[in-house]
Amino acid sequence: MTEPAAIDLPAFYANPDRSVAVLNYNARFITSIFDLVNSDELAAFIKLFLDEQQTRVPEDADPATTFNRVDATTYVATLKGILTNQPNVYDRYPAAEILASIEDLYSYYRSYLRVATMSTQHNDVVSAEFMTIDQHFNELVIRLYRTIEEKLQGHANHVYRQTSAASSACVLLQKLAWPMPAGYEALGNIRFLTRLMLRPPMMLHTKSNKRKGRFTASQVNPLTNFTGDAHDWYCYPAKIGTSLAYLYFHRDYLASGLALANLFQLADESEVTGQKPDLILLFGSPSAQGDTDPENGHYYYDAANQLYVGQVPYNDQTTYFGYMKKICLTLHNLHQIDQGRLPIHGSMVKITFANGVEKTVVFFGDSGAGKSESIEALQTVADEKIANIETIFDDMGSFTLQPGGQGIYAQGTETGAFVRLDDLSSEVAFNNMDRGIYMNPEQKNARVIIPANTWKRVVAHHEIDMWVYANNYDDAVGIHRFTDQAAAKATFIAGKRKALGTTDEVGMSTTFFANPFGPVQEEAATRPIIDAVFDQLFKDQVYVGEIYTHLGNDKSQDKLNESAKELLDVLMNH
């Protein structure tokens, strides 16, 4: 059965194919349960629900006696009859059957990602009270549900569950003026997200759960093919590391658009107004004719305007949040390379030991190499020797050479983490559960996006005490320090690992500098920066080595813990 058509009313949008709904409070704000039950928006959604129910109701069921086979008009009339205590409301359908249908309708609505929007143009009252406004509507929806439910069951509930009845999130939208180059005028009317309210934990479901392929260069500026408008596009202004990015996305990608809030700092209105970005992304826009792999994402460097412009097409595959995250990081890394900085695919932590010693460690490697697992193992074996582990970056950072050979500092990009649920220790998982945005939690490669640190802390200049390659394929145990610079550089550049199924790769693979998000695309420009970084690190006698994680062969936790013990010893005693 094909999906029913989307609802697209001025005040309400619902796309069953993507399980996304948008409530426009500016177009209509409902203030009573009677206004709600009489609204065109509720009638349209009930029709959508009944259309969806057709696959669950026997084809020979009689509409005269089966409540889920009635038309939307009869369904709404029944709700009104219940609310007004009409004596004949149960003549055709028993209360138990109506109640079961109401429960299904309520659950079906809450299965959508429901985003309430309000547009504000320098309206301080709306800006200050947008959460109160949204909460009022949530209370109204749950009051309507409970009123009908309790009338049907004949008694008050014994237990009340205060769910997010109307919306999963609420956002303020505003047009902001920035110096738009010629050819970019199509973006002019698209509103920016200036403030967000999320109701975590959020459980989101997308049609894809794995990323495929790589992002490639396009010979055509993606703006050439852009046909979006303010009706169905939004912009999330992000601070990705030190890059300013305007991330435009189609409303059907609101799951990815909102999840950005747990990953990248939302830029302030004052940081956007009058400011040209470093990066622009069009997520849900067609590829250009002649682009390699048109079902995947692409980037273009607008040299005249010094802008990196990314594009990801609208299809089922790109609903996986990994596409949103990785195209953002690719654009940022390309900008970093252009600035002479070295993108680092890895995790960086600042460890404070119980004896007061602090060490900063960077774990390096491609997806599935064991970066996060090594940190978890270190925490496990450290017992009370570690007082605190601060995450500076979880997936992507950069090394910057200071002028005059004065050393290297590291910075991060993300203020959050996009991690596999299986990789989280129970302590981390439960401590962050109430702030997380969960993607397809019942599936393989289930993920959660959780906030981790502040933007100011992430982009601060951090010294590097140790840089280790996460080796998931060798049988050795422990850690190994490179004494030969050429051998170290060769290992890091080869980017060897055994794939674990987090992407479409299988078996042994190699990726230039373990980073398919920028360095692979611009290898020639990246190599001189790599050479300079290794020269400086070995000159400064920074520990450069590898840790054997065993994730790609026997997956032995005991061996990984042994490697972590050796790492702990080196950090504490050397």
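Residues numbered from 1 in each chain as written. Predicted model: local features only at pLDDT ≥ 70, side-chain atom pairs only at ≥ 80, totals over all residues. Heavy atoms only, no water.

Going by an unreviewed UniProt entry, the protein carries the name Phosphoenolpyruvate carboxykinase and comes from Levilactobacillus namurensis.

Participant: Give me the overall build of the protein: which residues, what numbers.
Facilitator: Helix and strand counts for the protein stand at 14 helices and 27 strands. For 574 residues, the compact-globule formula gives about 25 Å, and the C-alpha radius of gyration of the protein, at 26 Å, lands near that figure. The buried share of the protein, taken over its 574 residues, is 57%. The long-range share in the protein, meaning contacts at least 24 apart out of those at least 6 apart in sequence, stands at 76%. Surface summary for the protein: the accessible area is close to 23400 Å², and the carbon and sulfur share equals 49%. Taking the average location of the 48 positive side-chain charges in the protein and that of its 69 negative ones, the two points are 1 Å from each other. (Helix = DSSP H or I, 4+ residues; strand = E, 2+ residues; numbered from the N terminus. Rg over C-alpha atoms; globule rule 2.2 N^0.38 Å. Buried < 20%, exposed > 50% of the residue type's maximum accessible area, 1.4 Å probe, protein only. Contact = heavy atoms within 4.5 Å. Areas by Shrake-Rupley, 256 points an atom, 1.4 Å probe, with all protein chains shown as cover. Lys, Arg positive; Asp, Glu negative; His and termini not counted. Charge placed at Lys NZ, Arg CZ, Asp CG, Glu CD.)

Participant: Now, about the environment of phenylalanine 226: what can you tell me, with residues and values included?
Facilitator: Relative to the helices and strands, phenylalanine 226 is located in the loop between strand E8 (216-217) and strand E9 (233-240). In this structure, the C-alpha to C-alpha distance between phenylalanine 226 and alanine 27, residues 199 residues apart in sequence, is 26 Å. Those residues in contact with phenylalanine 226 that lie beyond four places of it in its chain are Ala186, Leu187, Ile190, Trp233, Leu282 and Ser285.

Participant: Please set out empty space enclosed by the protein residue by residue, giving values where relevant.
Facilitator: Taking a probe equal in size to a water molecule and rolling it over the atoms shows the remaining empty space. Counted under the stated rule, the structure contains five cavities of 30 Å³ or more. Taken as a whole, the largest cavity spans an internal volume of roughly 490 Å³. Lining the largest cavity are 25 residues; nearest its centre among them are Leu36, Leu42, Tyr109, Val141 and Leu144. Elements represented by at least two residues in the lining of the largest cavity include exactly strand E3 (20-24), helix H1 (33-37), helix H2 (40-53), helix H4 (95-110) and helix H5 (124-153). Along the lines of polarity and charge, the residues of the lining of the largest cavity split into 21 nonpolar, two polar and two charged. (1 Å grid on protein atoms, 1.4 Å probe; cavity = no way out; pocket = protein on both sides within 12 Å on 5 of 7 lines; lining within 4 Å. Points joined across faces, edges and corners; volume = space filled by probe spheres on them. Nonpolar A, V, L, I, M, F, W, Y, C, P; charged D, E, K, R; others polar.)

Participant: Which residues make up the pairing of strand E14 (residues 307-312), and what are the values?
Facilitator: With six of six residues buried, E14 is to be regarded as a mostly interior element. What you see with E14 is no split at all: Leu307, Val309 and Gln311 on one side and Tyr308, Gly310 and Val312 on the other are buried throughout. Judged from the five bridges that link them, strand E12 (residues 279-283) and E14 form a sheet pairing that is parallel. Opposite isoleucine 280, over in E14, you have valine 309 as the bridge partner. Relative to E14, strand E13 (residues 298-302) is paired through five bridges, and the arrangement is antiparallel. Directly across from tyrosine 300, in E14, lies its bridge partner valine 309. Linking E13 to E14, which pair antiparallel, is a turn of four residues; within it glutamine 306 sits at a positive phi near 50 degrees. (Pairing = 2+ DSSP bridges.)

Participant: Explain the side chain of arginine 114 to me, and be specific about the residues and the numbers.
Facilitator: In this fold, arginine 114 is placed in strand E4 (residues 113-119). No salt bridge is formed by the buried arginine 114; the nearest opposite charge belongs to aspartate 134, separated by 8.8 Å. With near-sequence residues (within four places) excluded, arginine 114 lies in contact with Ala21, Leu23, Tyr109, Ser164, Ala165, Ala166, Ser167, Ser168 and Ala169. (Salt bridge = Lys/Arg side-chain N within 4 Å of Asp/Glu carboxyl O.)

Participant: Please give an account of the environment of threonine 526 that cites residues and values.
Facilitator: Locating threonine 526 in the fold gives a position in helix H13 (residues 523-539). Each C-alpha atom, one on threonine 526 and one on proline 343, is 8.8 Å from the other, the two residues being 183 residues apart in sequence. Apart from residues lying up to four places away in sequence, threonine 526 is in contact with Ile337, Leu342, Phe512 and Pro519. A distance of 2.7 Å separates the side chain of threonine 526 from the backbone oxygen of glutamate 522, its partner in a polar contact. (Polar contact = N/O pair within 3.5 Å; in protein donor to acceptor, adjacent residues only side chain to side chain.)

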